[in-house]
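Residues per chain are reported as follows:
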Amino acid sequence: MTRNDGEEGDIIQWFEEVCREAPAVQARTLGQIIRQNSGAEYLNKWMGHLPQLHEMEDQELESLFSSFVPLSSHADYEPYIQRIADGDPSPILIQQPITTMSLSSGTTEGRPKFLLFTRHSAQSTIHMFRLAAAYRSRLYPTKPGGRILEFIYSSKLFYTTGGQKVGTATTHYFESEEFKLRQMKTKAFTCSPREVIASSDHRQSTYCHLLLGLHFSEEVEYVTSTFAYSIVEAFREFELLWREICSDIREGTLSPRITSPSMRRAVTELISPNPNLASTLEQKCMGLRKWHGVIPRLWPNAKYVYSIMTGSMLPYLNKLRHYAGGLPLVGADYGATECWVGVNTEPAAPPETVSFTVVPTFAYFEFLPLRRRDALITSAMADDEFIEAQAVKLSQVEVGEEYEVVVTTFTGIFEIVLTLQIQAWGRGTGNRFPQWLPKTEVRGQKEAHPHSQHRQEHGDGCSAGGGQGVRAPRGVGRRAHRLHQHAQLLDNAGKLRHVLELSEIPAETGLLAECCKRMDESFMDHGYVLSRKEHSIGPLELCIVKKGTFRKILDHFVKDGASLGQFKTPRCTYNELFIQILESCTIERIYSTAYC
């Protein structure tokens, strides 16, 4: 056994032990969080009256915590976080000094969320990466000292009025010492230097990622990005730029499209003229049929493709499989903006069925059971289709049940309900769950109803999907690879639209109309169906937009400070600018004939 094999075995053994002792580990984790932050204003507000807090046993603190600290949402923390951003030095959410704040991409709820970023945030990230790498190495061992083709991107950093540095969590991580440490610990090194990762121009970064990935093509052990979307977009760019990239490899030069002086310097220091490699790459590219299997063809030693492929990334799987050929697709681990949640301990599982095991030391986890009301109860009789219930501990989760996840973290978030809905899968190592689904993907049927009180009051983003079990009409399946993007939007008038971007509009008359009808019929919520039959809700509108429309959405979010590596296409939105872009690019409208 090599030293690296020993390290991997050690961390897996540690994980299996904390999972076996999950109840005690969770109580100890919560106890640490409470003791570290009991003097902070927020926690003191709810638990400050308790005598001798620091002397209580972990189990006693755990039993008191949920009784005194209420469930919360991000809106509850906004006044506190604003005070921190304005420079208030007092311990507000946590007791340690705050110098850095993380920013979500804003693609889930239409606006970014601010959270605290601490050393613990970076350390838990390196720990998660080491744990996940150990499980992957069991099935797909990589060569120590190899390279990773990583399509990773930082966002712009800025400072609040109080002097706090703000950027996405991934940006802070790529800037940290932990990122360098991760490469040393996992014995795998990214192809691109910091200057490429940190560039504010994601197109220039992508070009350099591809160029350097090919320069080190024989050394690349796997291909990865935070989200599958970034890999797909990178190879769509490669289809257009491959000749230019091969020319740079042949001459040892860098395209004039790269205008950043620091990036040019960093990349040209790594490359040198290599006409033999350039000729080989050109021959391989010309021999590919519609770019199928481009990744294993150009990176012959790559073992797998690794990325988040669940939830809103599922629409990109077909295209990713096309580029990957027969190379395994490994689903990455689950992390929310608030904290890391679960690790994929079965990397050979198909991305559609990937499951995650909660890491009980990262945060304190609770689960709100979601029990559906009787289908005969209409939306007019109930504000929500789910019956409220008390949150349960990690050890009390029941297999087969659905839950919302509640977390309490080391970074000043207490009893916050995540926009994350899960179903318990089994009890192997710890507590396993299948594919983590965003709350509104599962609740999409209900929330598509324009009279949904939750949607009207809170305006949160809804995931696309158009209901469950939609079967496309004959002929649509053959065109599945031509669907570029899709989204749903609900305007202020309660008008529901489903938006598609196609690279080719079907010539057959009635095909899109049948698609629209099938999507409308797939919304099975009783209140929606009744309202459609009574015509109190109008027909579903299917909008076809010009090719490149969703790229405009991406450009908008990146311009506003989001990182390309953190970007997820909003699947349902109220965002006015998003709606304006989609409206201006619409080239065809189809209305459902269901319930006529």
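Residues numbered from 1 in each chain as written. Predicted model: local features only at pLDDT ≥ 70, side-chain atom pairs only at ≥ 80, totals over all residues. Heavy atoms only, no water.

Regarding the pairing of strand E1 (residues 100-103)
Now for step 1: Burial of the side chains of E1 extends over both faces: Thr 100 and Ser 102 are buried on one face and Met 101 and Leu 103 on the other.
Now for step 2: With three bridges connecting them, E1 and strand E5 (residues 165-167) associate as parallel partners. In the sheet register, Thr 100 faces E5, and the bridge partner there is Lys 165.
Now for step 3: Bridge analysis of E1 against strand E2 (residues 114-116) gives three bridges, and the strand direction is antiparallel. Residue Ser 102 lies in a different strand from E2, and its bridge partner there is Leu 115. (Buried < 20%, exposed > 50% of the residue type's maximum accessible area, 1.4 Å probe, protein only. Helix = DSSP H or I, 4+ residues; strand = E, 2+ residues; numbered from the N terminus. Pairing = 2+ DSSP bridges.)

Examining helix H10 (residues 202-215)
Now for step 1: If you check H10, its first and last C-alpha atoms are 20 Å apart, about what 14 residues at 1.5 Å a residue would give, namely 20 Å.
Now for step 2: Within H10, twelve of the 14 residues are buried, which leaves it mostly tucked inside the rest of the structure.
Now for step 3: For H10, the set of buried residues is His 202, Gln 204, Ser 205, Thr 206, Tyr 207, Cys 208, His 209, Leu 210, Leu 211, Leu 212, Gly 213 and Leu 214.
Now for step 4: For H10, the side-chain oxygen to backbone nitrogen distance between the N-cap and Arg 203 is 3.0 Å, and the N-cap itself is Asp 201. (Expected span 1.5 Å × (residues − 1). Polar contact = N/O pair within 3.5 Å; in protein donor to acceptor, adjacent residues only side chain to side chain.)

Points about the nonpolar core
Now for step 1: Of all hydrophobic cores here, the largest spans 78 residues; its most connected members are Phe 235, Phe 238 and Val 305.
Now for step 2: With twelve residues, the single largest contributor to this core is helix H11 (residues 228-251).
Now for step 3: Ignoring sequence-local partners within four residues, the contact set of Phe 238 consists of Leu 210, Leu 214, Ile 245, Cys 285, Trp 291, Val 294 and Leu 298.
Now for step 4: Phe 65, Tyr 334, Ile 413 and Phe 414 belong to the second-largest nonpolar core, a separate cluster that totals 51 residues. (Core = buried A, V, L, I, M, F, W, Y, C linked by side-chain atoms within 4.5 Å. Contact = heavy atoms within 4.5 Å.)

Some points on the environment of Asp 88
Now for step 1: Relative to the helices and strands, Asp 88 resides in the loop between helix H5 (74-85) and E1.
Now for step 2: With relative accessibility at 26%, the residue Asp 88 sits in the partly exposed group.
Now for step 3: It is 9.9 Å that separates the C-alpha atoms of Asp 88 and Ile 98, two residues lying ten residues apart in sequence.
Now for step 4: A distance of 2.7 Å separates polar atoms of two side chains, one belonging to Asp 88 and the other to Ser 90.

Comments concerning unusual backbone geometry
Now for step 1: The backbone of Gln 52 shows a phi angle near 50 degrees, a positive value even though the residue is not glycine.
Now for step 2: Inspection of the secondary structure puts Gln 52 in the loop between helix H3 (41-47) and helix H4 (58-68).
Now for step 3: Relative accessible area serves as the criterion here: at 58%, Gln 52 is assigned to the exposed category.
Now for step 4: One non-glycine residue, Lys 290, lies in the positive phi region at around 55 degrees.

Digging into the pattern of salt bridges
Now for step 1: Counting across every chain of the model gives 16 salt bridges.
Now for step 2: A salt bridge links Lys 113 to Glu 338; the nearest nitrogen and oxygen atoms lie 3.8 Å apart. With Lys 113 in the loop between E1 and E2 and Glu 338 in the loop between strand E10 (334-335) and strand E11 (340-343), this residue pair connects regions lying 225 residues apart in the sequence.
Now for step 3: Among the charged side chains, a network of salt bridges with common partners joins Glu 41, Arg 83 and Asp 88. (Salt bridge = Lys/Arg side-chain N within 4 Å of Asp/Glu carboxyl O.)

Comments concerning the confidence of the model for the chain
Now for step 1: Across the chain, the average pLDDT comes to 80, with 78% of residues at 70 or higher.
Now for step 2: The least confident element of the chain is helix H18 (residues 453-458), whose mean pLDDT is 24; the most confident is helix H14 (residues 294-298), at 98.
Now for step 3: The low-confidence segment residues 375-383, where pLDDT is below 50, has eleven contacts with residues more than four positions distant or belonging to other chains.
Now for step 4: Ignoring residues within four places in sequence, the model shows residues 430-484, a span with pLDDT below 50, making 173 contacts including any to other chains. (pLDDT = per-residue confidence, 0-100.)

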